Amino acid sequence: MRRTRIAEIIAAESIGARCTVMGWVRTRRDSKGGFSFIEINDGSSLAGLQIIADQELANYKSEILKLQTGCSIKAAGTLAESPGKGQKVELKAEEIEVLGWADPDIYPLQKKRHSFEFLRSIAHLRPRTNTFGAVARVRNAMAHAIHTFFQERGFIYLHSPIITGSDCEGAGEMFKVTTFDLNRAPEKEGDIDFTKDFFGGPANLTVSGQLEAEIYALAMGDVYTFGPTFRAENSNTSRHLAEFWMVEPEMAFCDLEENAALAIEFLKQIFASVLANCKEDMEFFNRFIDSTLIKTLEALISHDFEILTYTEGIEILKKAGQKFEFPVEWGVDLQSEHERYLCEKVFKGPVVLIDYPKEIKAFYMKMNQNEKTVRAMDVLVPKIGEIIGGSQREDDHDALYERIKEAGLNTDDYWWYLELRKFGSVPHSGFGLGFERLIQFVTGLSNIRDVIPFPRTPGNLSF
RNA sequence: UCCUCGGUAGCUCAGUCGGUAGAGCGGGUGGCUGUUAACCACCUUGUCGGCGGUUCGAGUCCGUCCCGGGGAGCCA
């Protein structure tokens, strides 16, 4: 008999139906009435299924009474209305087969809460816990919602390369990719001779698919990337990973205002989708992680996002009469305390800041007529601060050329990026969003290492 | 990378003034119950992160290294 997922059983409530379930035992409670309650979970939902194992079962004494947390079983029987509280249906087992034992003396998961730090050290078992099962389901639902959002709007999903030849943004340490034996790399005039390496030149793991997305936007119109990116920064925080997933839409014939409008629409749709499709998991996070979670997301969905310029934002902060650790002056990059003040105290909601000083933003952002600010935008949300960063791109060849030089970068390295502005250049815009940070915001989990299955951070490459 | 707080039983933690360790949970046994992280009784568990130093004596004080949490910077 084919197995039925517990999520389907709970949804259908088809009393009297015969079915087979398979999963991992969470807990067993024995009744002297001559039967046992076995709660199993198969990952399809937060809720498990209660199985009634009667002493008449052939292996009741030899096996059922020895089942412990972590064992895997197959149970066949009939669905019945549950007389107990806490569940509507339960499975009256006619046959239970133990698929795999889990020695309780050494199985690390218990029927209680563990610290996230401990669970990180057992990343091979942590998806069997309520929290990490819920994270995995929510992460999946969000990935699906992201694709749905763009596909519904006719965007082309672009597979940007993982290995790249150039330092894309001139920002962020990159991981080198080589086939050299590092102890015997060929040298030329004291330096490693990468012309003899696999690609005939230095190669890195990508830090962003944006420049490649621009290429395709200037042919296909609207594209998006959604894949892993890498930063070799030695930053050990609850918001940074060496390997993380990024979403980067890029739109031709699109200015900054339309870009911001899409970003806002994007966030609202993703949040609405998760609340609708992961109700049970979101209620779990709301109960155990952050009790304001659902309220916050619902508010974001229904409220307008405030849009104001960097200059206006600075003025508000200066007039606020609030002591900041970092003083506010036009030209400084906003600290998270400033971003949070704007969101949480001034506007009590999300804020989109646009038109930043060119000195604090990347070279590819389009210069405004005042020659002081560029068409950049940051979407700021309460608690987290910046969640999306984007811009209208510089589409004027000569202006871009100058900006690359100003940034101290080699214009030759960007020959193809410059040529896009030479042949049929059009206004275009895009934004980038760290997938894990979005999951953090949605789930309320405070450490980014807990929203990705296998976190890569400095000094840590287990699993 | 910097600041800061930590590392003690399988897990979560306590350990006062320096005198070689405790609780809860888990696990085991028994009892009880259509039970719900069940409950009750008894039993069980230690390289006190590593190395070095001070001391008659170090979980405790000092040095150093490793690992983790929180914050900062940078960013996504």
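As a convention, each chain's residues are numbered from 1 in the sequence order in which they are written. Starting at A for chains and at 1 for ligands, labels are handed out in the order in which the entities are written. At least 70 in pLDDT is required for a residue's local features to be given in this predicted model, at least 80 for side-chain atom pairs to be given and counted, and no such filter applies to totals for whole chains, interfaces and linings, which use all residues. Hydrogens and waters are ignored; side-chain quantities use all the structure's heavy atoms.

## Section: the protein's contact with RNA strand B
Around RNA strand B, 49 residues are found, and the nearest of them are Glu-90, Asn-234, Thr-237, Gln-335 and Arg-437. Residue proximity to a molecule or strand is established when one non-hydrogen atom of the residue lies within 4 Å of it. Backbone atoms, meaning sugar and phosphate, make up 47% of the atoms of RNA strand B lying within 4 Å of the protein. In the analysis that follows, any N or O atom pair within 3.5 Å is treated as a polar contact, provided that within protein one partner can donate a hydrogen and the other can accept it, and provided that, for residues neighboring in sequence, both atoms belong to side chains. At a separation of 3.1 Å, a sugar or linking oxygen of RNA strand B approaches a polar side-chain atom of Arg-231. Taking Leu-241, its main chain carries an N or O atom lying 2.8 Å from a base nitrogen of RNA strand B.

## Describing unusual backbone geometry
Its identity as a non-glycine residue notwithstanding, Glu-189 has a phi of 55°, on the positive side. In this structure, Asp-355 takes a positive phi of about 60° despite not being glycine. One can find Asp-355 in strand S15 (residues 351–357). Counting from the N terminus, the helices are DSSP H or I runs at least four residues long and the strands are E runs at least two residues long.

## Looking at the packing of helix H8 (residues 310–319) against helix H9 (residues 336–346)
At a minimum axis separation of 11 Å, H8 and H9 run at an interaxial angle of 75°. Judged by the angle between their axes, H8 and H9 are roughly perpendicular. Contact residues: Gly-313, Ile-316 and Leu-317 in H8; His-338, Tyr-341, Leu-342 and Val-346 in H9. In terms of residue class, the contact of H8 with H9 is made up of five nonpolar, two polar and no charged. Every axis in this analysis is a line fitted to C-alpha atoms, fitted for helices over the stretch in contact. Angles between the N-to-C directions lie between 0 and 180 degrees. By definition in this entry, angles of less than 35 degrees are roughly parallel, angles greater than 145 are roughly antiparallel, angles of 65 to 115 are roughly perpendicular, and the rest are oblique. Any two residues having at least one pair of non-hydrogen atoms within 4.5 Å are treated as being in contact. In this classification, the charged set is Asp, Glu, Lys and Arg, the nonpolar set is Ala, Val, Leu, Ile, Met, Phe, Trp, Tyr, Cys and Pro, and all remaining amino acids, among them Gly, are polar.

## Here we look at the pattern of salt bridges
In the sections that follow, a salt bridge refers to a side-chain nitrogen of Lys or Arg positioned within 4 Å of a carboxyl oxygen of Asp or Glu. Evaluated as defined, the whole model comprises 26 salt bridges. The salt bridge involving Arg-126 is made with Asp-450; its shortest N-O contact spans 3.4 Å. Taken together, the residues span a long stretch of sequence, with Arg-126 in the loop between helix H2 (116–120) and helix H3 (130–152) and Asp-450 in the segment after helix H12 (435–443) at a distance of 324 residues. The burial state of Arg-126 is the same as that of Asp-450; both residues are buried. Here the residues in one salt-bridge network are Arg-120, Arg-126 and Asp-450, joined through shared partners. For every residue, the accessible area (1.4 Å probe, protein chains only) is compared with the maximum for its type, and the residue is labelled buried under 20%, exposed over 50%, or partly exposed between those bounds.

## Focus: the packing of aromatic side chains
Each aromatic ring pair is described using two quantities: the centre-to-centre distance and the angle formed by the ring planes. Any two rings among Phe, Tyr and Trp, with Trp reduced to its six-membered ring, count as a pair given centres within 6.5 Å; such a pair is stacked if its planes are under 30 degrees apart, edge-to-face if over 60, and tilted if neither. Inspection of every chain in the model, using the stated rule, returns 22 aromatic pairs. Ring centres of Phe-35 and Phe-37 lie 5.5 Å apart, and the angle between their planes is 80°; this geometry places the pair in the edge-to-face category. Ring geometry for Phe-180 versus Phe-194: centroids 6.1 Å apart, planes at 25°, classification stacked. On the criterion of sequence distance, the pair formed by Phe-180 in the loop between strand S8 (176–177) and strand S9 (187–188) and Phe-194 in the loop between strand S10 (191–192) and strand S11 (203–205) is long-range, its members being 14 residues apart. Each residue in the set Phe-149, Phe-150, Phe-155, Tyr-157, Tyr-224, Phe-266 and Phe-431 is aromatic and connected to the rest through ring pairs, giving one cluster. It is Arg-153 that lies over the ring of Phe-149; its NZ or CZ is 3.8 Å from the centre. A cation over an aromatic ring shows up here: Arg-421 above the ring of Tyr-417, its NZ or CZ 4.0 Å from the ring centre. A positively charged side chain is recorded as over a ring if its NZ (Lys) or CZ (Arg) lies within 6 Å of the ring centre. The angle to the ring normal must also be within 35 degrees.

## Things to note about the sheet that holds strand S4 (residues 72–81)
Strands are treated as partners if at least two bridges between them are detected by DSSP. Reading around the circumference, S1-S2-S3-S5-S4 is the order of the five strands in this closed barrel, with mixed pairing throughout. Sheet twist, expressed as the average angle between the axes of neighbouring strands with direction ignored, equals 55°.

## As for the confidence of the model for chain A
Residue-level confidence of the predictor, termed pLDDT, takes values from 0 up to 100. This prediction gives chain A a mean pLDDT of 90; 98% of its residues lie at or above 70. At the level of individual helices and strands, chain A shows its lowest average pLDDT in H9, which scores 83, and its highest in strand S6 (residues 156–157), which scores 98. Model confidence for the complex: the whole-complex pTM is 0.93, and ipTM, which rates the interface, is 0.86.

## Quick notes on the sheet that holds strand S7 (residues 163–164)
The pairing of strands in a sheet happens through backbone hydrogen bonds and is either parallel or antiparallel. If you trace the three strands from one edge of the open sheet to the other, you get S7-S11-S8, paired in antiparallel fashion. Unpaired on one side and paired on the other, S7 and S8 mark the two borders of the sheet. Bridge analysis of S8 against S11 gives two bridges, and the strand direction is antiparallel. Along S11, the bridge assignment pairs Val-177 with Ala-203.

## Some thoughts on the nonpolar core
Within the largest apolar cluster, 58 residues are counted, with the highest numbers of intra-cluster contacts made by Phe-266, Leu-267, Met-282 and Ile-388. Of the residues forming this core, the biggest block, eleven residues, is contributed by helix H5 (residues 256–277). Dropping the residues within four chain positions of it, Met-282 is found in contact with Val-138, Val-274, Leu-275, Leu-293, Ile-294, Leu-297 and Val-442. Judged by nonpolar contacts, the second largest core, of 30 residues, contains Ile-40, Leu-79, Ala-93 and Leu-109. Remark: nonpolar core denotes a set of buried residues (Ala, Val, Leu, Ile, Met, Phe, Trp, Tyr, Cys) joined through side-chain atoms within 4.5 Å.

## Here's the deal with helix H10 (residues 397–406)
When we look at burial in H10, the residues that qualify are His-397, Leu-400, Arg-403 and Ile-404. Projected down its long axis, H10 shows its buried positions confined to an angular sector of 125°, all on one face. Opposite the buried face of H10, at more than 90 degrees from it, the exposed residues are Asp-398 and Glu-406. Buried positions along H10 lie against strand S16 (373–381) and helix H11 (415–419). After H10 finishes, the residue Gly-408 shows a positive phi value of roughly 75°. Taking the helix axis as origin, the arc is that swept by the directions to the C-beta atoms.

## Quick look at the side chain of Arg-393
With respect to the secondary-structure elements, Arg-393 resides in the loop between strand S17 (385–392) and H10. A relative accessible area of 2% means that Arg-393 is categorised as buried. Side chain to side chain, Arg-393 and Glu-250 meet in a polar contact 2.8 Å long. Separated by 3.4 Å, the side chain of Arg-393 and the backbone oxygen of Gly-430 make a polar contact.

## Digging into the packing of helix H7 (residues 293–302) against H12
At a minimum axis distance of 8 Å, the contact between H7 and H12 shows a crossing angle of 115°. Only Phe-441, Val-442 and Thr-443 of H12 make contact with H7, whose side of the interface consists of Leu-293, Thr-296, Leu-297 and Leu-300.

## What to know about a nonpolar patch on the surface
In this analysis, a patch consists of residues with relative accessible area above 30% that form no salt bridge, clustered at 9 Å for like charges and at 5 Å for the nonpolar side chains Val, Leu, Ile, Met, Phe, Trp and Tyr. Note on areas: these come from Shrake-Rupley sampling with a 1.4 Å probe, and a residue is covered only by the protein chains present in the view. Where nonpolar side chains cluster on the molecular surface, the patch consists of Ile-162, Ile-163, Phe-198 and Phe-199 and spans about 400 Å² of accessible area. Tracing the chain through its elements places Phe-199 in the loop between S10 and S11.

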